[in-house]
There are 2 protein chains.
Amino acid sequence: MADGTIYLYFKNKDDILVQFFSYKAKQVFDLFREEVFRAEHAVEKLRNLVRRHLDEFQRDRNMAIVYQAETHQNCRSVEPQIREMAKMYLDIVSEIVEQGQADGSMRKDLYLSLVKRFILGAVDETINHWLHSGGKYDLVSMADPLIDLFIRGIGNTPQMQ
Amino acid sequence: MADGTIYLYFKNKDDILVQFFSYKAKQVFDLFREEVFRAEHAVEKLRNLVRRHLDEFQRDRNMAIVYQAETHQNCRSVEPQIREMAKMYLDIVSEIVEQGQADGSMRKDLYLSLVKRFILGAVDETINHWLHSGGKYDLVSMADPLIDLFIRGIGNTPQMQ
DNA sequence: GTTAAATGAATGAATATTCATTCATAATTT
DNA sequence: AAATTATGAATGAATATTCATTCATTTAAC
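We now turn to the structure provided with this report. (Residues numbered from 1 in each chain as written. Chains lettered and ligands numbered in written order. Predicted model: local features only at pLDDT ≥ 70, side-chain atom pairs only at ≥ 80, totals over all residues. Heavy atoms only, no water.)

### Structural notes on the packing of aromatic side chains
Then, number 1: Here the structure, examined in full by the defined rule, presents 15 aromatic pairs over all chains.
Then, number 2: Here the aromatic rings of phenylalanine 32 of chain A and tyrosine 89 of chain A are separated by 5.7 Å at their centres, their planes lie at 65°, and the arrangement is edge-to-face. Placement of phenylalanine 32 of chain A in helix α1 (residues 13-38) and of tyrosine 89 of chain A in helix α4 (residues 79-102) is noted, with a sequence separation of 57 residues between them.
Then, number 3: Take phenylalanine 32 of chain A: its relative accessible area is 2%, and that puts it in the buried class.
Then, number 4: Grouping aromatic residues by their ring pairs yields a cluster made of Phe20, Phe21, Phe57 and Tyr67 of chain A.
Then, number 5: The lysine or arginine in question, arginine 61 of chain B, covers the ring of tryptophan 130 of chain B, its NZ or CZ lying 5.8 Å from the ring centre. (Phe/Tyr/Trp six-rings, centres within 6.5 Å; stacked < 30°, edge-to-face > 60°. Helix = DSSP H or I, 4+ residues; strand = E, 2+ residues; numbered from the N terminus. Buried < 20%, exposed > 50% of the residue type's maximum accessible area, 1.4 Å probe, protein only. Lys NZ or Arg CZ within 6 Å of the ring centre and 35° of its normal.)

### Looking at the relation of the copies chain A and chain B
Then, number 1: Mapping chain A onto chain B calls for a screw motion: a turn of 180° about the axis and a shift of 0.1 Å along it, with 0.3 Å RMSD after fitting. These values place the two chain copies in the arrangement generated by a two-fold rotation axis. When C-alpha distances to the rotation axis are compared across chain A, the minimum falls at glycine 153 of chain A, with a value of 1.9 Å.
Then, number 2: Most of the interface of chain A is mirrored in chain B: 100% of its interface residues are interface residues there too. (Least-squares fit on C-alpha atoms with pLDDT ≥ 70 in both. Contact = heavy atoms within 4.5 Å.)

### Here we look at the protein's contact with DNA strand C
Then, number 1: Close to DNA strand C lie Gly4, Tyr7, Asn12 and Lys13 of chain A together with Met1, Ala2, Asp3, Gly4, Thr5, Leu8 and Tyr9 of chain B, which account for all nearby residues.
Then, number 2: What you see for DNA strand C is that sugar and phosphate hold 63% of its atoms within 4 Å of the protein.
Then, number 3: For DNA strand C, a phosphate oxygen lies 2.8 Å from a polar atom in the side chain of lysine 13 of chain A.
Then, number 4: Residue threonine 5 of chain B places a side-chain N or O atom 2.8 Å away from a phosphate oxygen belonging to DNA strand C.
Then, number 5: Residues belonging to the surface near DNA strand C are distributed by class as follows: five nonpolar, four polar and two charged. (Near = heavy atom within 4 Å. Polar contact = N/O pair within 3.5 Å; in protein donor to acceptor, adjacent residues only side chain to side chain. Nonpolar A, V, L, I, M, F, W, Y, C, P; charged D, E, K, R; others polar.)

### Focus on the environment of aspartate 103 of chain A
All names here are of chain A.
Then, number 1: For aspartate 103, the location among the structural elements is in the loop between α4 and α5 (112-132).
Then, number 2: Residue classification places aspartate 103 among the partly exposed residues on the basis of a relative accessible area of 40%.
Then, number 3: Sequence separation of aspartate 103 and histidine 41 is 62 residues, and the distance between their C-alpha atoms is 8.5 Å.
Then, number 4: Within the structure, aspartate 103 has its side chain in polar contact with the side chain of serine 105 (distance 2.7 Å).

### Some remarks on the nonpolar core
Then, number 1: Among the nonpolar cores identified, the biggest contains 100 residues, and Phe150 and Ile154 of chain A together with Phe150 and Ile154 of chain B are the most heavily contacted of them.
Then, number 2: The contacts of phenylalanine 150 of chain A, once residues within four sequence positions are left out, are Leu46, Val50, Phe118, Ile119, Ala122 and Val123 of chain A together with Phe118, Gly153, Ile154 and Gly155 of chain B. (Core = buried A, V, L, I, M, F, W, Y, C linked by side-chain atoms within 4.5 Å.)

### Some thoughts on the protein's contact with DNA strand D
Then, number 1: All residues in the neighbourhood of DNA strand D are listed as Met1, Ala2, Asp3, Gly4, Thr5, Leu8 and Tyr9 of chain A together with Gly4, Tyr7, Asn12 and Lys13 of chain B.
Then, number 2: Between a base nitrogen of DNA strand D and a main-chain N or O atom of glycine 4 of chain A, the distance comes to 3.3 Å.
Then, number 3: Threonine 5 of chain A has a polar side-chain atom sitting 3.0 Å from a phosphate oxygen of DNA strand D.
Then, number 4: Looking at side-chain class alone, the surface near DNA strand D contains five nonpolar, four polar and two charged residues.

### Points about the interface of chain A and chain B
When the parts of a complex come together, some accessible area is lost, and that lost area is often taken as the interface size.
Then, number 1: With 50 residues of chain A in contact, the opposing surface of chain B contributes 50 residues.
Then, number 2: Approximately 4800 Å² of surface area, both sides summed, lies buried where chain A meets chain B, with 60% of it carried by carbon and sulfur atoms.
Then, number 3: Summed over the shared surface of chain A and chain B, the result is four salt bridges.
Then, number 4: In this structure, the salt-bridge partner of aspartate 109 of chain A is arginine 152 of chain B, at a minimum N-O distance of 3.8 Å. (Buried area = accessible area lost by both parts, 1.4 Å probe. Salt bridge = Lys/Arg side-chain N within 4 Å of Asp/Glu carboxyl O.)

See the structure below:
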């Protein structure tokens, strides 16, 4: 493709970014919701969500690189529009956690807006590490250990029999 | 200060970044270790570490902005040197978790290298959200709720009496 | 008065953007 | 159905912009 061709389809460089993300987001969030509704219980919903999240980022490494860079930048003009997408993700997590609280599988005393970021942050850092390691290992295999950490934490709390 | 003045003290732009980070890292990691050794139990060490982490980033917002941007960028020449610092942090976390496992306060069946990133990721995302919100609220107050999530997770596992 | 430090306009390499032109295809005319 | 005309997507050379870096000059220090 020639240099100028892209400007027939996009206003400027930022517009490419924003349009790409809103296109990709539509695609990916449909998959996410599908994956979430496939499961019945909250924990399984969360597991499916995280697994699909990792899977999509592993599938599209360039998207992962751009996403990581753009969402961790301040003072970009396109920032609000891209962060809007992260919000959609956080809303799915909220929904799942609220369901988990309702059915008793998750604690009631949770600071919900922190829980969302706690989960997204851990998944994001998992992806970030995978990117910086050159994508050598299988990212999706991190889903189950992550869910285990999210649900049970690292503390050694003896369970009831 | 005039444009050119900085080149009397630094080789180039990347050198500014690397020198700044290694200077800051020395400062901050001394504080971190001090904070960690101040506590006796592993959980309290982790709490002190996270609290100090949030405190330092809240204190130096510009550092936080640059750190977030640089650690989430691929293909930067300075990347390895900055990631080296994240590694130091991860090593402190490792140490704490291993102590926690030894004294029985943390689970033995942990995927340690994932636990490190799980904790760093959640703290990082907490900082990132604070940055994007314009730093309006108190970041340090997130430390205790975060530690609670790290230790107990979000699952509702009834405890022994 | 000599040395050292600071200045900021100038540079140029990298990259974002424009726009006159080309050309294959579609539509219209004979 | 052959010839003519219109269309608009693609091109890429030309231009605009950004930004890290330099260096001749000025200012300050001793």
